[in-house]
Amino acid sequence: MHGLYEHFTYVQGVTDVHTTAEEAMALGKGVCQDYSHILLSLCRIWKIPCRYVVGMLIGEGLSHAWVEVCSGGRWYALDPTNNLIVDDQHIKISAGRDYHDCIVSQGVFVGRTTQTQTVAVRVKELNP
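About the cut-offs
- Residues numbered from 1 in each chain as written.
- Predicted model: local features only at pLDDT ≥ 70, side-chain atom pairs only at ≥ 80, totals over all residues.
- Heavy atoms only, no water.
- 1 Å grid on protein atoms, 1.4 Å probe; cavity = no way out; pocket = protein on both sides within 12 Å on 5 of 7 lines; lining within 4 Å.
- Points joined across faces, edges and corners; volume = space filled by probe spheres on them.
- Helix = DSSP H or I, 4+ residues; strand = E, 2+ residues; numbered from the N terminus.
- Nonpolar A, V, L, I, M, F, W, Y, C, P; charged D, E, K, R; others polar.
- Pairing = 2+ DSSP bridges.
- Contact = heavy atoms within 4.5 Å.
- Axes fitted to C-alpha atoms, helices over the stretch in contact; angles between N-to-C directions.
- Patch = residues over 30% accessible without salt bridge, like charges linked within 9 Å, V, L, I, M, F, W, Y side chains within 5 Å.
- Areas by Shrake-Rupley, 256 points an atom, 1.4 Å probe, with all protein chains shown as cover.
- Salt bridge = Lys/Arg side-chain N within 4 Å of Asp/Glu carboxyl O.
- Buried < 20%, exposed > 50% of the residue type's maximum accessible area, 1.4 Å probe, protein only.

Enquirer: Now, about the layout of surface pockets: what can you tell me, with residues and values included?
Expert: Space left empty within the atom packing is revealed by a probe, the size of a water molecule, rolled over the atoms. Size it by volume and the largest pocket reaches roughly 470 Å³. Looking at the largest pocket, it is lined by 24 residues, and the ones nearest its centre are Val31, Cys32, Gln33, Leu62 and Ser63. Contributing elements (two or more residues each) for the lining of the largest pocket: α3 (32–45), β3 (50–57) and β4 (63–71). Classifying every residue of the lining of the largest pocket gives 13 nonpolar, nine polar and two charged.

Okay, structure coming up:
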């Protein structure tokens, strides 16, 4: 994860949801889904069980992607975009093999229509 973080640059708009890990790696830049897809590919080469995760970061307005890896029978969440172990600032929404398993919004419209989407997460600490 650290090597990826050191050699890959966060740049919006150079990739999209159809960009493969190989294509993003060749570019040397991309967004959180690219960091995550590359890390997933590396883990899979080494036969490390892993999954793609979509969620939110507290304080940001967009969805975020990270990776969970299994080691010793336990799952560990890693955020390769920020080079850190996932903490309580990450809110998990879904997990799957890759981006296509974890689309935050999808649906079908029939006829003429437009859509806007707003996503918000409210976190409230409860006293036990």
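Enquirer: How would you summarise the pairing of strand β5 (residues 74–79) if you had to cite specific residues and measurements?
Expert: Relative to β5, β4 runs antiparallel, the two sharing five bridges. Of the residues in β5, the one forming a bridge with Ser71 is Arg74. When β5 meets strand β6 (residues 84–85), the two strands line up antiparallel, connected through two bridges. Residue pairing in the sheet places Asp79 in a bridge with Leu84 of β6. Counting the residues between successive antiparallel strands, the hairpin from β5 to β6 contains four residues, one of them, Asn83, with a positive phi of roughly 55 degrees.

Enquirer: So what's going on with the sheet that holds β6? Which residues, and what values?
Expert: Spatially, five strands are ordered β6-β5-β4-β3-β7 in an open sheet, and the strand pairing comes out antiparallel. Two strands bound the open sheet, and with one partner strand each, they are β6 and β7 (90–96). The sheet contact formed by β3 and β7 spans six bridges and is antiparallel. Directly across from Val53, in β7, lies its bridge partner Ala95. Across the sheet, α3 lies against β3 and β4, angled at about 15 degrees from β4, the strand it touches most.

Enquirer: How would you summarise a nonpolar patch on the surface if you had to cite specific residues and measurements?
Expert: Side chains of Leu42, Ile45, Trp46 and Ile48 sit close together on the surface and give an oily, nonpolar patch of about 460 Å² of accessible area. Tracing the backbone shows Leu42 in helix α3. With relative accessibility at 40%, the residue Leu42 sits in the partly exposed group.

Enquirer: Quick one: what's the story with the environment of Ala26, residue by residue and with numbers?
Expert: Here Ala26 lies in helix α2 (residues 21–27). The class for Ala26 is exposed, based on a relative accessible area of 70%. Along the primary structure Ala26 and Phe8 are separated by 18 residues, whereas in three dimensions their C-alpha atoms are 9.8 Å apart.

Enquirer: Tell me about unusual backbone geometry, and name the residues and values.
Expert: One non-glycine residue, Lys47, adopts positive backbone phi at about 60 degrees. Tracing the sequence through the fold places Lys47 in the loop between α3 and β3. Take Lys47: its relative accessible area is 72%, and that puts it in the exposed class. Here the phi dihedral of Asn83 falls at roughly 55 degrees; this positive angle occurs in a residue that is not glycine. Residue placement: Asn83 occurs in the loop between β5 and β6. Taking relative accessible area as the criterion, Asn83 reaches 23% and is therefore assigned partly exposed.

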